[in-house]
Amino acid sequence: MRRHLPVLVTTAVFVAMFVACSLQYPNFASTRVVANLLTDNAFLGIVAVGMTFVIISGGIDLSVGSVIGFTTVFLAIAIEHLGWPPAVAFVVVLVLAALFGAGMGAVIHYLEMPPFIVTLAGMFLARGASFLMSTESIAINAPLYAEISSTVIRLPGGGRLTLIAILMLVVVLAGAVLLHATRFGANVYAPGGSRASTEMMGVRVGPATIRIYLLSSLLAGLSGIVFSLYTSSGYSLSAVGVELDAIAAVVIGGTLLTGGYGTVFGTFIGVLIQGLIQTYISFDGSLSSWWAKIATGLLLFAFIAFQQLSVGLSRRGRRMAGVTAP
Amino acid sequence: MTLRQPHSGVPQIIALLVILAVNWIVSPQFFDIRLQDGRLFGSLIDVLNRGAPVALLSIGMVLVIALRGIDLSVGAVMAICGAIAASLADSHSLPVTLAAALGVGLLCGLWNGILVAGLGIQPIVATLILMVAGRGIAQLITEGRIVTFTDPALAWIGGGSIVGVPAPVAITAVMLLVTLLLVRGTALGLMIEATGGNERASTLAGIGTRAMTIAVYVWCSLCAAMAGVIAAADILGADANNAGLWLELDAILAVVIGGTSLFGGRFSISLAVLGALIIQAMNTGILLSGYPPQFNLVVKAVVVMAVLLVQSPKLAGLSAALRRRAR
């Protein structure tokens, strides 16, 4: 119970916010709003799942926003200018993204450099590469794109669950299974707790690190595909700053930024909370969009302060129980 | 483990000279400097002038990084302080405007410092809060518009000159001098290095690490506030969305190029400023050579990777082993 307190708090905050919104706007509590919430935040949800793995392992990935931008431009050029079938372009871009992430993971592990600066270089590189391909916004008119965006599951109450929203839910589920029920997942938690003891336990940290960053970039690539489906275009400046939204979602979701603790479900709720703030602001109409940033900042602060407090309390509790603190 | 040599700065100076030489090859009039209306003009002056905001940021950032911290909020602080300066400039006198802008910068630094040193939150996360919220606050101040002003006194900070030297360059030079005197003229620099190396040991040795950490974050935000005022004065307005955008990354890059390790400890303020100039000289060079400015990011990425390779503890160990064998 105590272990799941941060996720429970996050979920309670989300439910409370949703109820408050619904009380103020009777139209709010509808499948339409919920379905749009999922669709509008599908790309963020997917990329945040990858970020959860990275942060639990004690790292950080600043390159994901740029990878999304790169993916959208690559897809636009491959499909529109080179005439590739979209499916081929999807596979190629996912392979590229995965290789990119594996490369960053390898640099982080073998050169023992801080993930912060390595992924910062990755961020420059991916954004620069997308600028080099095209600085203009390219519309994608492939029939598959129109087909995918018109395929929806109609929910009772007028909600339209799009394919990209379903894809996000699938990624969240798959991510949760991968993190909580596989050996790889256990290996993700281990170095976040303590790298030295992880190595002593016999976990091979190198391959795990490479796989974690590979997964993060792969999901960023997938998120880029979703983003290009969502906007039907490719633009080198798209998804600037998404890495911050993803990190914020992970933190609000109760994952410890020092690593070693966190859940995919919490991150999912963190994404929904951010989406809810945006939805509320658009419902209100008179509030300006910059309030979203301030509200997100405040939420971040509240959750980090809460984490700090609970970690401090649990340490004190352990000390009282006679166990030496680490 | 042998004690690392103090920073000589030779690689950084060579790098800057090489880049300047390349710029000169690309554009033969690169080193031409002329005096016009009592102010120096020329590409070289331009490098100094355009590099001033990042150089200012790097002065504060190097101290934060030496403490094993990082300040992601400097870009947002620039936006906030620029917005304040621009919106007060036409209705208040210059001292009031400056005091307000720098005062808010001080508060931002205090916030960061208390989160890091008081609550013990990781620096990346603690400053992330202000990074996310700060731009919103700046937009709140400008009410989402681009605020412009006409006050010549504030405009002078961006476009004026003192004995021919552009004002931003002069301000940066003074700030560098003051910081050097404060940090290297006293034992403060040594204490910062000690704290960055091992905070617990330093506390036990009697260094007031908590107060010092807060002071360093305040200094960093103060530098950012100045950079924000300069950036606003330069364009005669404040753009809450784009002022100082991604400059925190440039500042961190400048510090890393300057040879200060992200793992804290030994640092060099002058070399961090030199790093800022190296970045700006590259930017200017790419512009002069007629390549699209998009190349900037790719070049930066390559530079980061090169510096990383040089700084990597693994590679350092390898080269030390090779040298020992050669002996």
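Residues numbered from 1 in each chain as written. Chains lettered and ligands numbered in written order. Predicted model: local features only at pLDDT ≥ 70, side-chain atom pairs only at ≥ 80, totals over all residues.

Focus: the overall build of chain B
Basically, it comes down to this: Counting from the N terminus, the helices are the DSSP runs of H or I reaching at least four residues and the strands are the DSSP runs of E reaching at least two. Radius of gyration here uses only the C-alpha atoms, and the compact-globule reference equals 2.2 Å multiplied by the residue count raised to the power 0.38. Three exposure classes are used, based on other C-beta atoms lying within 10 Å of a residue's own C-beta, which is placed from the backbone: buried for 20 or more, exposed for 12 or fewer, and partly exposed in between.
Looking only at helices and strands, one finds 14 helices and 6 strands in chain B. The C-alpha radius of gyration computed for chain B amounts to 20 Å, which stays within 12% of the reference 20 Å derived for 327 residues, consistent with globular compactness. Counting only C-alpha atoms and orienting by the principal axes, one finds that chain B spans roughly 65 × 55 × 35 Å. Every one of the 327 residues in chain B was classed for burial, and the buried ones make up 50%.

Considering the nonpolar core
In plain terms, the rule: Structurally, a nonpolar core is described as a collection of buried Ala, Val, Leu, Ile, Met, Phe, Trp, Tyr and Cys residues joined by way of C-beta atoms within 7 Å. A residue pair is marked as a contact if its C-beta atoms, positioned from the backbone, fall within 7 Å.
Core analysis: the biggest nonpolar cluster contains 208 residues, and Val47(A), Leu300(A), Ile80(B), Cys223(B) and Val229(B) have the highest contact counts within it. Element by element, the count of residues in this core is highest for helix α10 (residues 209-235) of chain B, at 17 residues. Setting aside residues up to four positions removed in sequence, Cys223(B) forms contacts with Leu56(B), Leu57(B), Ile59(B), Gly60(B) and Met175(B).

Observations regarding unusual backbone geometry
All names here are of chain B. Positive phi values are uncommon outside glycine, yet arginine 68 reaches one of about 70°. Its location among the elements puts arginine 68 in the loop between α2 (43-66) and α3 (74-89). Residue classification places arginine 68 among the partly exposed positions, given that 18 C-beta atoms sit within 10 Å. At valine 163, a residue that is not glycine, the phi angle is positive and equals roughly 35°. If you trace the backbone, valine 163 turns up in the loop between β4 (161-162) and β5 (165-166). Classification of valine 163 as exposed rests on a count of 8 C-beta atoms within 10 Å.

Details of the packing of helix α6 (residues 152-159) of chain B against α10(B)
All names here are of chain B. Convention followed: Only C-alpha atoms enter the line fits that serve as axes; for helices the fit covers just the stretch in contact. Angles between N-to-C directions range over 0 to 180 degrees. If an angle is under 35 degrees, it is roughly parallel; if it is over 145, roughly antiparallel; if it lies from 65 to 115, roughly perpendicular; otherwise it is oblique. Classes in brief: Ala, Val, Leu, Ile, Met, Phe, Trp, Tyr, Cys and Pro nonpolar; Asp, Glu, Lys and Arg charged; the others, Gly included, polar.
Close contact between α6 and α10 brings their axes to 7 Å; oriented N to C, the two are set at 105°. As the angle between them shows, α6 and α10 are arranged roughly perpendicular. On α10, the residues that touch Leu154, Ala155, Ile157, Gly158 and Gly159 of α6 are Val229, Ile230, Ala233 and Asp234. For the contact of α6 with α10, the residue count by class is 6 nonpolar, 2 polar and 1 charged.

Observations concerning the interface of chain B and chain A
Facing 32 residues of chain B, the contacting portion of chain A comprises 38 residues. Along the lines of polarity and charge, the residues of the side of chain B that touches chain A split into 22 nonpolar, 7 polar and 3 charged.

A few points about the confidence of the model for chain A
Residue and element names in this part refer to chain A. Our working definition: Every residue carries a pLDDT, the predictor's confidence in it, which falls somewhere between 0 and 100.
In the predicted model, chain A carries a mean pLDDT of 87, and 94% of its residues have values of at least 70. Considering each helix and strand of chain A separately, the mean pLDDT is smallest for helix α10 (residues 195-200), with a value of 76, and largest for helix α3 (residues 42-56), with 95. Between residues 322-326, whose pLDDT stays under 50, and residues either more than four places distant or in other chains, the model counts 4 contacts.

Here's the deal with the environment of Ile117(A)
Here Ile117(A) lies in helix α6 (residues 115-133). Ile117(A) sits in the buried class, given 23 other C-beta atoms within 10 Å. Distance in space between the C-alpha atoms of Ile117(A) and Leu62(A) is 8.6 Å, their sequence separation being 55 residues. Ignoring anything within four residues of it in the chain, the contact list for Ile117(A) reads Val256(B), Leu262(B), Val304(B) and Leu308(B).

A closer look at helix α7 (residues 167-184) of chain B
Counted only if it meets this: The span one expects for a helix is its residue count, reduced by one, times 1.5 Å.
With 18 residues, α7(B) extends 25 Å between its outermost C-alpha atoms, agreeing within 8% with the 26 Å of an ideal straight helix rising 1.5 Å per residue. Turning to α7(B), its buried residues are Ala167(B), Pro168(B), Val169(B), Ile171(B), Thr172(B), Met175(B), Thr179(B) and Val183(B).

Some words on the packing of α3(A) against helix α11 (residues 205-231) of chain A
All names here are of chain A. Running from N to C, α3 and α11 cross one another at 175°; their axes reach a closest spacing of 8 Å. Comparing the axis directions of α3 and α11 gives the class roughly antiparallel. Between α3, through Ala42, Phe43, Ile46, Val47, Val49, Gly50, Met51, Phe53 and Val54, and α11, the contact on the second element is made entirely by Ile212, Tyr213, Leu215, Ser216, Leu219, Ala220, Leu222, Ser223, Val226, Phe227 and Tyr230. Among the residues forming the contact of α3 with α11, the class breakdown is 17 nonpolar, 3 polar and no charged.

Some points on helix α13 (residues 264-284) of chain A
Residues and elements named next belong to chain A. With 21 residues, α13 should reach 30 Å at 1.5 Å per residue; the first-to-last C-alpha distance of 30 Å fits that figure. In terms of burial, α13 is a largely internal element, 16 of the 21 residues being buried. Among the residues trailing α13, glycine 285 stands out with phi positive, at a value near 85°.

Overview of the confidence of the model for chain B
Residues and elements named next belong to chain B. Here chain B shows a mean pLDDT of 87. Residues at 70 or above account for 93%. When the criterion is pLDDT under 50, residues 1-5 qualifies, and its contacts beyond four places in sequence or with other chains add up to 1 contact. Both scores are given for the predicted complex: the pTM is 0.85, the ipTM 0.78.

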